[in-house]
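What follows is each chain in one-letter form.
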Amino acid sequence: MEERILYGEAETRDFAEAFAGGLQAGDVVALVGDLGTGKTTMTKYLARALGVTEEITSPTFTIVKEYHSGRLPLYHFDVYRLTSGQELLDLGLEEYFGGDGVAVVEWADIVADVLPESAHVIALAYGDREGERKIRWL
């Protein structure tokens, strides 16, 4: 697992752009972190790096939103309202994993038991100073 400190949104954008360059169809990006640590911001920058032109908003009440304008489709999940991976399976949403696009899952720790072993995990945490984020990824 790699780790670094991100200082502000510009560094978050730069990290996301570099990370997204290696993403391929079928990849799952699992975002983990407390409320306000930047999961949705990270998703927005990953989407932009993939060429998505639509505005990215959190799908808290719909669970998943699809974006098809980029070099790969982006499936943006917010599973905060779910209680388990089984609930995700019950909704039939696992069909997005391993498909023709990239699935980005916010609050991925809630459904970690049903995510593919190959998922790219990005953990975000508050840093020691205002605007600073600690990021670990695998």
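See above for the structure.
Treat the numbers as computed from the prediction; the structure is a model and nothing was measured.

(A) Main features of the sheet that holds strand β3 (residues 64-67). Spatial ordering of the open sheet is given by β1-β7-β6-β2-β5-β4-β3, a layout of seven strands whose pairing is mixed. The open sheet is flanked by β1 (2-7) and β3, the only strands paired with a single partner. Going from strand to strand, the sheet's axes swing by 20 degrees on average, the running direction of each strand aside. One ladder, built from four bridges, connects strand β2 (residues 28-33) with strand β5 (residues 102-106); its direction is parallel. Note that in β5 the partner of A30 across the bridge is V105. Running at roughly 140 degrees to β1, helix α1 (residues 9-20) makes contact with β1, β2, β6 (120-126) and β7 (132-137) of the sheet. Against the sheet, helix α2 (residues 39-49) touches β1, β2, β4 (74-78), β5, β6 and β7, its axis set at about 155 degrees to β2.

(B) Quick look at the pairing of β4. Most of β4 is tucked away, with five of its five residues classed as buried. Covered by surrounding structure in β4 are L74, H76 and D78 together with Y75 and F77, the residues of both alternating faces. The pairing of β3 with β4 spans four bridges and is classified as antiparallel. Of the residues in β4, the one forming a bridge with E66 is Y75. Two strands pair when backbone bridges link them, and β4 and β5 are joined in this way by five bridges, in the parallel orientation. Paired with F77 across the two strands is V105, which belongs to β5.

(C) Inspection of the side chain of T37 at higher detail. Mapping T37 onto the fold places it in the loop between β2 and α2. Among the polar contacts made by the side chain of T37, one reaches the main-chain carbonyl oxygen of D34 at a distance of 2.7 Å. In contact with T37, other than residues within four places in its own chain, are L124, A125, Y126 and R133.

(D) Seen up close, a negative patch on the surface. A cluster of like negative charges, contributed by E66, E94, E95 and D100, occupies part of the molecular surface. The topology assignment puts E95 in the loop between α3 (85-90) and β5.

(E) A look at the pattern of salt bridges. Evaluation of the coordinates by the stated rule reveals three salt bridges. Two residues, D14 and R13, come together in a salt bridge whose shortest N-O distance is 3.3 Å.

(F) Fine view of the nonpolar core. By size, the foremost hydrophobic cluster in this structure holds 24 residues, and its most contacted members are V29, M42, L74 and I122. Elements represented by at least two residues in this core include exactly α1, β2, α2, β5, β6 and β7. For I122, the contacting residues outside a window of four places in its chain are F15, F19, V29, A30, L31, V32, I135, R136 and W137. Core analysis: the next-biggest nonpolar cluster, separate from the first, contains 20 residues, I63, V64, L82 and L88 among them.

(G) Representation of the pairing of β5. Of all the five residues making up β5, five are buried; the element is thus mostly covered by neighbouring parts of the structure. A two-sided burial pattern is seen for β5, the buried positions comprising V102, V104 and E106 on one face and A103 and V105 on the other. In terms of handedness, the path from β4 via α3 over to β5 forms a crossover that is right-handed.

About the thresholds
- Residues numbered from 1 in each chain as written.
- Predicted model: local features only at pLDDT ≥ 70, side-chain atom pairs only at ≥ 80, totals over all residues.
- Heavy atoms only, no water.
- Pairing = 2+ DSSP bridges.
- Helix = DSSP H or I, 4+ residues; strand = E, 2+ residues; numbered from the N terminus.
- Axes fitted to C-alpha atoms, helices over the stretch in contact; angles between N-to-C directions.
- Contact = heavy atoms within 4.5 Å.
- Buried < 20%, exposed > 50% of the residue type's maximum accessible area, 1.4 Å probe, protein only.
- Polar contact = N/O pair within 3.5 Å; in protein donor to acceptor, adjacent residues only side chain to side chain.
- Patch = residues over 30% accessible without salt bridge, like charges linked within 9 Å, V, L, I, M, F, W, Y side chains within 5 Å.
- Areas by Shrake-Rupley, 256 points an atom, 1.4 Å probe, with all protein chains shown as cover.
- Salt bridge = Lys/Arg side-chain N within 4 Å of Asp/Glu carboxyl O.
- Lys, Arg positive; Asp, Glu negative; His and termini not counted.
- Charge placed at Lys NZ, Arg CZ, Asp CG, Glu CD.
- Core = buried A, V, L, I, M, F, W, Y, C linked by side-chain atoms within 4.5 Å.
- Right-handed = clockwise from strand over helix to strand, strands pointing away.

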